[in-house]
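Below are the chains, spelled out letter by letter.
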Amino acid sequence: MKVEIMDDKPSDKGSEDTVAEATQPGTPASVAPSTTTQSEVPKLSGPSLCDFTLQLDDYTPTIPDAVTSYYLNRSGFDTSDPRIVRLVSLATQKFISDVANDALQHCKMRGAGQSSKTKGKDKKYTLTIDDLTPALSEYGINVKKPYYFT
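Residues numbered from 1 in each chain as written. Predicted model: local features only at pLDDT ≥ 70, side-chain atom pairs only at ≥ 80, totals over all residues. Heavy atoms only, no water.

So, about the overall build of the chain. Counting secondary structure elements, the chain contains four helices and two strands. Nonlocal contacts in the chain, meaning residues at least 24 apart in sequence, comprise 63% of its contacts between residues at least 6 apart. As presented, the chain carries roughly 12500 Å² of accessible surface, and 56% of it is formed by carbon and sulfur atoms. (Helix = DSSP H or I, 4+ residues; strand = E, 2+ residues; numbered from the N terminus. Contact = heavy atoms within 4.5 Å. Areas by Shrake-Rupley, 256 points an atom, 1.4 Å probe, with all protein chains shown as cover.)

Structure follows, in structure tokens:
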């Protein structure tokens, strides 16, 4: 699979721009979608996708591009666009952050019933499989602890 992002820049033809939708061959003209003016096209608030992809050029993700490219190529995903690699790195970083935060919340809830000698900010938490398992199960990943034989 090969993916590339194409930069589409809006044309400067004025307010008379029309958006034409392609029809399939053999579709009658009465059923074919009509053209609409740009003022009828809903606009999204916030930065555009082009601005976001330009910001990815300046962003250095926590997961290096070489690591992301290696695993993308190993899974059969081939791209020459570094913005795609950074986008996947950013999505991976967000996923790991969400799972770690959920595991921390599970750890805090599990330890809420226990009395401890340390109070407030001095409390240190350790990531354990007991906290990680329910956090990952929220994302559809089932983790089973291996059996321990003595």
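More follows now that the structure is in view.
Let's shift gears to the packing of helix α2 (residues 65-74) against helix α3 (residues 82-111). Running from N to C, α2 and α3 point in directions that differ by 95°, and their axes come no closer than 9 Å. Looking at the two axes, α2 sits roughly perpendicular to α3. Residues D65, T68, S69 and L72 of α2 form the contact with α3, whose own contacting residues are V85, R86, V88 and S89. Along the lines of polarity and charge, the residues of the contact of α2 with α3 split into three nonpolar, three polar and two charged. (Axes fitted to C-alpha atoms, helices over the stretch in contact; angles between N-to-C directions. Parallel < 35°, antiparallel > 145°, perpendicular 65-115°, else oblique. Nonpolar A, V, L, I, M, F, W, Y, C, P; charged D, E, K, R; others polar.)

Further remarks concern the side chain of R86. Within the fold, R86 resides in helix α3. Residue R86 is classed as buried on the basis of its relative accessible area, which comes to 18%. Only 2.9 Å separates the side chain of R86 from the backbone oxygen of D57, close enough to count as a polar contact. Looking at R86, its side chain comes within polar contact range of the side chain of D65, at 3.1 Å. Discounting residues that sit within four places of it in the chain, R86 has contacts with L56, D57, D58, Y59, P61 and D65. (Buried < 20%, exposed > 50% of the residue type's maximum accessible area, 1.4 Å probe, protein only. Polar contact = N/O pair within 3.5 Å; in protein donor to acceptor, adjacent residues only side chain to side chain.)

Another aspect to go through is the confidence of the model for the chain. The predicted coordinates of low-pLDDT regions are not to be read in fine detail. When pLDDT is averaged across the chain, the result is 75; 63% of the residues are at 70 or more. Averaged over each element, pLDDT in the chain is lowest for strand β1 (residues 18-19) (39) and highest for α2 (94). (pLDDT = per-residue confidence, 0-100.)

A few words now on the pattern of salt bridges. Summed over the entire model, instances satisfying the criterion amount to five salt bridges. Put simply, D98 and K94 hold a salt bridge, and the shortest N to O gap is 2.7 Å. Taken as a pair, D98 and K94 lie in helix α3 at a separation of four residues, close to a single helical turn. Look at D98 and you get partly exposed, because its relative accessible area is 24%. As a salt-bridge pair, K145 and D130 come within 3.4 Å of each other at their nearest N and O atoms. Taken together, the residues K145 in the segment after α4 (129-137) and D130 in helix α4 connect sequence positions 15 residues apart. (Salt bridge = Lys/Arg side-chain N within 4 Å of Asp/Glu carboxyl O.)

What the rule picks out here adds up to two aromatic pairs. Note on Y70 and Y71: the rings are 5.0 Å apart at their centroids and 80° apart in plane angle, and the pair reads as edge-to-face. Judged by relative accessible area, Y70 falls into the partly exposed class, the value being 47%. Taking relative accessible area as the criterion, Y71 reaches 52% and is therefore assigned exposed. Where F95 meets Y139, the ring centres are 5.4 Å apart and the plane angle is 80°; that geometry is what we call edge-to-face. Residue F95 is found in helix α3, and its partner Y139 is found in the segment after α4; the two are separated by 44 residues along the sequence. With a relative accessible area of 33%, F95 lands in the partly exposed category. (Phe/Tyr/Trp six-rings, centres within 6.5 Å; stacked < 30°, edge-to-face > 60°.)

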